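Report on the structure
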Amino acid sequence: MLKCIAATLVALLTTTALLAQDAPTDLERRVRELELRIQQMQAEKASAELTEMARQIQILTQEIEALKTHQTAPTAQADQEQNGLGAAASKVYRAEPGVTFGGYGEFLYQNFEPAARVDNADALRAILYTGYKFNDRVIFNSEVEYEHANTERNGEVEVEFAYLDYMLRPAFGVRAGLLLMPIGLTNEQHEPTAFLGARRTQVESRIIPSTWSEIGAGVFGDVGPVTYRAYLTTSLNSDAFTATGIRGGRQMGSQAKANDFAVVGRVDWKPVEGTMLGGSIYSGNSGHERNYGAKVQLAEVHADAHYRGFVARAMYTTGTIDDAAAINANNKLTGNGSVGEEFGGWYVEGGYEISAALGLTEASVTPYARYENFDTQRSVPNGFLRNPANEQNILTIGVAFKPIPQTVIKVDWQEVENEAGTGVNQWNVGLGYIF
C-alpha cells in the first residue's frame, strides 16, 4: 500500500512540475505536505491515515487534470468589464496564469426605405481575443478582427489592439502597445451585448471614430470609485480627412506616421453601483511632414446608468481642426467637400427590460429608443461651403432579445433626416454573441 501511494505521489509531483506555469502554487504546497505525512506514516504504520491520504491524492489528481484540460477557464459574463474593456475583451484579467481566448461576432441585415439603396446582409465582424497572463502583474492582451467575411471582396483583417500591461497596484499600472483610444462609450466597449441598437451610434462612428487605436504608452488605474487612463500615442493623419469626418485619419498601428504625437486622457466616476459619469479629451497635430500642424482637439462627456431593468446612456462631443484650409488644398477638397473646422454631436438612448412581465427567467427582452444629432461641418474655412447632408438627426426604435446574456438579437427601425432632405430610413436586424 505504501509503495503504491509513494509511486502515485511521484507521478503527481512530476505532473505538477510540468504544469508549473498553469497550476497554482497551492497544489504544489499540498503535494509536499502529503509527502511529509507519508514519510511519518511509514514509521507509524497508520492504516486509517493511509486511506485518507489516498482520498486526498485522488482529489489532487482531479484538480490537476482539470487544469490540463482548461476546465477552470472563465466564461465571459455579459455584465462584467475591467480595465476599460468589455466582458469578453477583459477575460484575461480574471483568468489563471496562461493563455486565454475570447471573442465576439456580429451579423447585420439592412433594408432601406425607400429603395434608394440596395438592401444587404453582412457578416459584419468576427473577433478573436487572445491573451496571456504571465502573472498577476504582467498581462498581454490582443484583438484580431475579421470584417465582412471575405478579403477578396470588401473584407479585411486587422489587429484592433495588442498591448502589455504592467500592473504595479490597482491604483497604478503601465500600458504600452497598440491601444484603443479611451474616448466615448463605445470605442473601448464595442461588443454587441454592451450597447443598444443593431448598429453603433453614428455619433461614435463619424464624430468619434469607432474602434480607433494608435500605438502608444501610458498609465491607468482604479482609485476607489474613480478610474482613469492617460496615453501618449501616434496621432491622426490629416491626409485622409474628408467632409464626412476624421475617421479616415486613424492610423491603427499600420506603419503609422510618427512626426506628430497626441495625448489622450479619460476619467470615470461611479458614485453608486450601475452608474457612471465621465469624460475624455484628445489633442494632437495631424500634419506630420506637412508644413502645417493640423491640430485636432476632441472632447466628450458621457453618462451610463443601469437600475432595476432601466438602461440609459447619453453623450455629448465636440471637436476642432486647425489649418482646415491647408488640409483642403492638400487633399484636393473643394466647394462643400471641405473638412470641418468645427464638428460635434450628441445622443441619448434608453431601454427597459420587460422579461419579468413576460415570465422569462434566463432570457431578456428590452425595448429601446435612441435619438442622435451630429454635424461633421459645423463650420468650414472661408471660401468653402457646408454640405447640409452632413448635419443629421437619427431616431432609432427597436427591441433587443437575449436568449442568454452572451447572445443578442436586435431589430430596429431608423428614421434618418438631414438638412438636405436626402435622408434614407432603414430597418436593421442584428445578431451578436460574445464568449
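Basis of the calculations
- Note on numbering: residues in each chain are counted from 1, in written sequence order.
- Given that the model is predicted, a residue must reach a pLDDT of at least 70 before its local features are reported, and side-chain atom pairs must reach 80 or more before they are shown or counted; all residues, however, enter totals for whole chains, interfaces and linings.
- Computation of side-chain values covers all heavy atoms of the structure but excludes hydrogens and water.
- For helices the rule is a DSSP run of H or I covering at least 4 residues; for strands it is a run of E covering at least 2, with both sets numbered from the N terminus onward.
- Under the scheme applied here, a residue whose accessible area is under 20% of the maximum for its type counts as buried, over 50% as exposed, and between as partly exposed, the area being computed with a 1.4 Å probe on protein chains only.
- A contact between two residues is defined here by any heavy atoms of the two lying within 4.5 Å.
- In this description, strands pair whenever DSSP reports at least two bridges between them.
- As used here, the term nonpolar core means buried Ala, Val, Leu, Ile, Met, Phe, Trp, Tyr and Cys residues forming a set that is joined through side-chain atoms within 4.5 Å.
- Note on ring pairs: Phe, Tyr and Trp rings are taken, using the six-membered ring of Trp, and paired if centres are within 6.5 Å. Classes follow the plane angle, with under 30 degrees stacked, over 60 edge-to-face and the rest tilted.
- Charges are assigned to positions over rings by a cutoff of 6 Å between ring centre and Lys NZ or Arg CZ, combined with an angular limit of 35 degrees from the ring normal.
- Note on patches: the residues involved have over 30% relative accessible area and no salt bridge, like charges join within 9 Å, and the nonpolar side chains Val, Leu, Ile, Met, Phe, Trp and Tyr join within 5 Å.
- Here, Shrake-Rupley sampling with a 1.4 Å probe gives the accessible areas, and only protein chains in the shown set may cover a residue.
- Here a salt bridge means any side-chain nitrogen of Lys or Arg lying within 4 Å of a carboxyl oxygen belonging to Asp or Glu.
- Here a polar contact is taken to be a pair of N or O atoms separated by no more than 3.5 Å, where protein atoms must pair a possible hydrogen donor with a possible acceptor and residues adjacent in sequence count only if both atoms sit in side chains.
- Positive: Lys, Arg. Negative: Asp, Glu. His and the chain ends are not part of the count.
- In plain terms, the charge of a residue is placed at NZ if it is Lys, CZ if Arg, CG if Asp and CD if Glu.
- Per residue, pLDDT measures the predictor's confidence, with a range of 0 to 100.

Our next topic: the overall build of the protein chain. A tally of helices and strands in the protein chain yields six helices and 16 strands. A total of 435 residues make up the protein chain; the buried ones form 45% of that total. Contacts in the protein chain between residues far apart in sequence, at least 24 positions, make up 61% of those at least 6 positions apart.

Attention now moves to the pairing of strand β3 (residues 138–147). As paired elements, strand β2 (residues 120–133) and β3 share nine bridges and run antiparallel to each other. Directly across from lysine 133, in β3, lies its bridge partner isoleucine 139.

In terms of nonpolar packing, the biggest core is built from 47 residues, with Ile183, Phe241, Tyr282 and Ile321 touching the most fellow members. If you tally residues by element for this core, the top one is strand β4 (residues 156–169), at three residues. The contacts of tyrosine 282, once residues within four sequence positions are left out, are Met181, Ile183, Trp212, Ser235, Leu236, Ala262, Val263, Val264, Val296, Gln297 and Leu298.

Assignment of secondary structure puts leucine 168 in strand β4. C-alpha of leucine 168 to C-alpha of aspartate 136: the two residues are 32 residues apart in sequence and 9.4 Å apart in space. Contact partners of leucine 168, with chain neighbours within four places excluded, come to Arg137 and Gly173.

Another point: the packing of aromatic side chains. Applying the stated criterion to the full structure yields eight aromatic pairs. Plain terms: the ring middles of phenylalanine 161 and tyrosine 163 are 5.6 Å apart, the flat faces sit at 40° to each other, and that makes the pair tilted. The residues phenylalanine 161 and tyrosine 163 share a single accessibility class, namely buried. With a centroid separation of 5.7 Å and 45° between ring planes, the pair formed by tryptophan 346 and tyrosine 371 is classed as tilted. Here the residue tryptophan 346 occupies a position in strand β12 (residues 342–352), and tyrosine 371 occupies one in strand β13 (residues 364–379), the gap between them amounting to 25 residues. Given the relative accessible area of 32%, tyrosine 371 is considered partly exposed. Among the aromatic side chains, those forming a connected cluster through ring pairs are Tyr104, Tyr129, Phe161 and Tyr163. Note that arginine 175 overlies the ring of tyrosine 163, its terminal NZ or CZ placed 4.7 Å from the centroid. The ring of phenylalanine 220 is capped by arginine 175, whose NZ or CZ atom sits 4.2 Å from the centre of that ring.

On the surface, Phe107, Tyr109, Leu358, Leu360, Val399, Phe401, Ile409, Val411, Trp427, Val429 and Leu431 cluster together into a nonpolar patch covering about 870 Å² of accessible area. For the nonpolar patch, the secondary-structure elements that each account for two or more residues are β1 (98–113), β14 (391–402), β15 (407–418) and β16 (425–434). In terms of residue count, the dominant contributor to the nonpolar patch is β16 (three residues). Along the chain, tyrosine 109 turns up in strand β1. Given the relative accessible area of 36%, tyrosine 109 is considered partly exposed.

On to unusual backbone geometry, then. Negative phi characterises most residues that are not glycine, and trans characterises most peptide bonds. Despite not being glycine, glutamine 255 has its phi angle at roughly 45°, a positive value. Checked against the element boundaries, glutamine 255 lands in the loop between β7 (226–234) and β8 (261–269). A residue is classified by how much of its surface remains accessible, and glutamine 255, at 82% relative accessible area, is exposed. With a phi close to 60°, lysine 332 is a non-glycine residue in the positive phi region. As for its placement among the helices and strands, lysine 332 is situated in the loop between α6 (324–331) and β12. Given a relative accessible area of 70%, lysine 332 falls into the exposed group.

On to the side chain of glutamate 106, then. Tracing the backbone through its elements, the reader meets glutamate 106 in strand β1. A polar side-chain atom of glutamate 106 sits 2.9 Å from a polar atom in the side chain of arginine 125. For glutamate 106, the residues in contact, after removing those within four places along its chain, are Asp122, Ala123, Leu124, Arg125, Pro192, Phe195, Ala198, Arg200, Leu431 and Gly432.

Our focus in this paragraph is a negative patch on the surface. A cluster of acidic residues, Asp322, Asp323, Glu341 and Glu342, forms a negative patch on the protein surface. On the secondary structure map, glutamate 341 appears in the loop between α6 and β12.

With that settled, consider the confidence of the model for the protein chain. Taken as a whole, the protein chain shows an average pLDDT of 89; of its residues, 84% reach a score of 70 or greater. The low-confidence segment residues 1–23 (pLDDT under 50) makes 29 contacts with residues lying over four places distant or belonging to another chain.

Moving on: the environment of threonine 186. Counting through the fold element by element, threonine 186 comes out in the loop between β5 (172–180) and α5 (203–207). Exposure remark for threonine 186: the relative accessible area of 4% places this residue in the buried category. Along the chain, threonine 186 and glycine 86 lie 100 residues apart, while their C-alpha atoms are 9.7 Å from each other. Those residues within four positions of threonine 186 in sequence are excluded, and the remaining contacts are Arg200, Glu204, Arg313 and Tyr347.

Here the focus is the pattern of salt bridges. Here the structure, examined in full by the defined rule, presents 18 salt bridges. For arginine 229, the salt bridge identified is with aspartate 268, shortest N-O distance 4.0 Å. Highlighted residues: arginine 229 in strand β7 and aspartate 268 in strand β8, separated in sequence by 39 residues. Residue arginine 229 is classed as buried on the basis of its relative accessible area of 6%. By sharing partners, the salt bridges in this structure join Glu106, Arg125, Glu145 and Arg200 into a single network.

Take the pairing of β15 next. Residues Val408, Lys410, Asp412, Gln414, Val416 and Asn418 of β15 are buried on one face, while the alternating residues Thr407, Ile409, Val411, Trp413, Glu415 and Glu417, pointing to the opposite face, are not. Pairing between β14 and β15: ten bridges, direction antiparallel. Paired with glutamine 392 across the two strands is asparagine 418, which belongs to β15. In textbook terms, the turn of a hairpin is the stretch between consecutive antiparallel strands, and for β15 and β16 this stretch comprises six residues, one of which, glycine 421, has a positive phi near 70°.

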